[in-house]
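# An overview of the molecular structure
Chain by chain, the residues run as shown.
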Amino acid sequence: MSKQTRQDQPILRMENVSKVFGGVTALKNVNLDVFEGDVLGIIGPNGSGKTTIVNSITGFITLTSGRIYFRGKDITGKKAHKIADMGVTRTFQVMRPYYSLPAFKNLVIPLFSPRAKRTGGWRGGGTLGDRKTIAIDILEEIGFERDSYIPFKTTSTLPTGYLKRLELARCLALQPEVIICDEIFSGLSMSEIASMVPLIERLQDDGITIVMIEHRLRELFQVANRIMVLNFGEKLVEGVPDEVMADERVKEAYFGSEKMEEVMIYA
Ligand SMILES: Nc1ncnc2c1ncn2[C@@H]1O[C@H](COP(=O)(O)OP(=O)(O)O)[C@@H](O)[C@H]1O
Ligand SMILES: [Mg+2]
């Protein structure tokens, strides 16, 4: 994939970010630039610090040291809702919808946020007068069938595929500049994953910068223009997918003795 992205000022920058939990160093001096229009993939073994990166950028944890910048502005230590209000949104690896509400009502809540009010919500659709219609528009955009009962079903009764889409929809309701997806493909069937890949591409076409934490390498490498590999909380390699796949350090650290082709199919 050779998508051109802006390389002047990063939209997100992590500068020497470290995070220690008790005795565990989850991140160690991580530097990362994300450019506008990027689909940046972050991969690494379990426990390598991927979710901690998401939590660091989005204000869900306090850094031990280092700084985070959004469009050049220092957002280190800002509260999660302030960072979301700036347009930096995230999905949760363990989904966090309002289970007792109908699916569409999960979006009515972010559609009442200050950012949604300022931007007019998804695609700046106007006055936000009819949040229910906008909520259903967003759900349709991310793959809920519009004229079915699914948007109205109680969230707790929805299959995982819909819950994952709902996580993305909650980001979209904020008219985001950045979406950070924490393992959005995990728990999905092959066909559900295949149907989400074009969705990610569409969001990128809409100008949204995307960071994807992912174990499903084959699909990730289809959409990502850049990959960072984490290992024990440190950046091991960063580059275009082909470079990263060919890197001996990555093969050793991340894939052990397995052949890359096998990992690409079964990961
Ligand atoms: N809230 C926490 N308290 C203590 N240790 C944590 C916490 N969150 C993460 N860790 C530890 O930090 C390391 C990185 O975790 P995480 O970022 O969740 O990894 P990944 O998402 O790559 O699987 C792990 O060793 C994990 O046990
Ligand atoms: Mg994780």
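This text goes with the structure placed above it.
First, a word on what this report is: a plain description of the structure on this page.

About the criteria used
Residues numbered from 1 in each chain as written. Chains lettered and ligands numbered in written order. Predicted model: local features only at pLDDT ≥ 70, side-chain atom pairs only at ≥ 80, totals over all residues. Heavy atoms only, no water. Donors = N, O, S within 2.8 Å, 3.2 Å for Na, K, Ca; no water. Helix = DSSP H or I, 4+ residues; strand = E, 2+ residues; numbered from the N terminus. Disulfide = S-S within 2.5 Å. Near = heavy atom within 4 Å. Polar contact = N/O pair within 3.5 Å; in protein donor to acceptor, adjacent residues only side chain to side chain. Areas by Shrake-Rupley, 256 points an atom, 1.4 Å probe, with all protein chains shown as cover. Nonpolar A, V, L, I, M, F, W, Y, C, P; charged D, E, K, R; others polar. Buried < 20%, exposed > 50% of the residue type's maximum accessible area, 1.4 Å probe, protein only. Contact = heavy atoms within 4.5 Å. Salt bridge = Lys/Arg side-chain N within 4 Å of Asp/Glu carboxyl O. Pairing = 2+ DSSP bridges. Axes fitted to C-alpha atoms, helices over the stretch in contact; angles between N-to-C directions. Phe/Tyr/Trp six-rings, centres within 6.5 Å; stacked < 30°, edge-to-face > 60°. Lys NZ or Arg CZ within 6 Å of the ring centre and 35° of its normal.

Our focus in this paragraph is the coordination of the magnesium ion (ligand 2). Around the magnesium ion (ligand 2), the protein contributes the donor atoms T51 (OG1) and Q93 (OE1), which lie 2.1 to 2.4 Å from the metal centre. Taken together, the residues span a long stretch of sequence, with T51 in helix α1 (residues 50-57) and Q93 in the loop between β6 (88-90) and α3 (105-108) at a distance of 42 residues.

So, about the state of the cysteines. Under the counting rule described, the total for this entry stands at zero disulfides. Free cysteine: C181, not disulfide-bonded; nearest cysteine sulfur from C171 at 6.7 Å.

The subject of this paragraph is the site of ligand 1. The environment of ligand 1 is made up of F21, V24, A26, P45, N46, G47, S48, G49, K50, T51 and T52. Between an oxygen atom of ligand 1 and a main-chain N or O atom of G47, the distance comes to 2.8 Å. A distance of 2.5 Å is found between an oxygen atom of ligand 1 and a side-chain nitrogen or oxygen belonging to T52. Coverage of ligand 1 by the protein amounts to 59% of the 560 Å² it exposes when considered alone. Mapped by element, the contributors of at least two residues to the shell around ligand 1 are β2 (24-34) and α1. Among the elements that make up the shell around ligand 1, the one with the highest residue count is α1 (three residues). Looking at the shell around ligand 1 residue by residue, the classes come out as four nonpolar, six polar and one charged.

Here we take up the environment of L188. Residue position: L188 is located in the loop between β7 (178-182) and α7 (190-205). On the basis of relative accessibility, which here comes to 12%, the residue L188 falls in the buried class. Not counting residues up to four positions away in its chain, the partners in contact with L188 are T160, G161, K164, I193 and M196.

Before going further, it helps to spend a moment on the pattern of salt bridges. This model, assessed by the stated rule, comprises 13 salt bridges. With a shortest N-O distance of 3.0 Å, D74 and R67 are connected by a salt bridge. For R67, a relative accessible area of 36% translates into the label partly exposed. Taking the shortest distance from any N to any O, the salt bridge between E238 and R226 comes out at 2.3 Å. Of the two residues, E238 is situated in strand β10 (residues 234-239) and R226 in strand β9 (residues 226-231); the sequence distance between them amounts to twelve residues. On the accessibility criterion, E238 (29% relative accessible area) is partly exposed. Accessibility expressed as a relative area gives 13% for R226, which makes it buried.

Sheet strands pair via backbone hydrogen bonds, and the direction of the pair is either parallel or antiparallel. Read across the sheet, six strands follow the order β6-β7-β8-β3-β9-β10 without closing on themselves; strand pairing throughout is mixed. The strands lining the two open edges of the sheet, one partner per strand, are β6 and β10. Within the sheet, the average angular offset between the axes of one strand and its neighbour, ignoring direction, is 20 degrees. Of the strands in this sheet, β3 (39-43), β6, β7, β8 (209-213) and β9 touch α1, which is tilted by about 150 degrees from β7. Running at roughly 150 degrees to β8, α7 makes contact with β3, β7 and β8 of the sheet.

Another point: the packing of aromatic side chains. For the structure shown, the criterion picks out three aromatic pairs. Each ring, one from F60 and one from F92, has its centre 5.5 Å from the other, and the planes form 85 degrees; the classification is edge-to-face. In this pair, F60 is assigned in the loop between α1 and β4 (65-70) and F92 in the loop between β6 and α3, connecting sequence segments 32 residues apart. You can call F92 buried: its relative accessible area is 12%. Over the aromatic face of F60 sits the side chain of R90, whose NZ or CZ is 4.6 Å from the ring centroid. Stacked on the ring of F112, the Lys or Arg R131 has its end atom at 3.7 Å from the ring centre.

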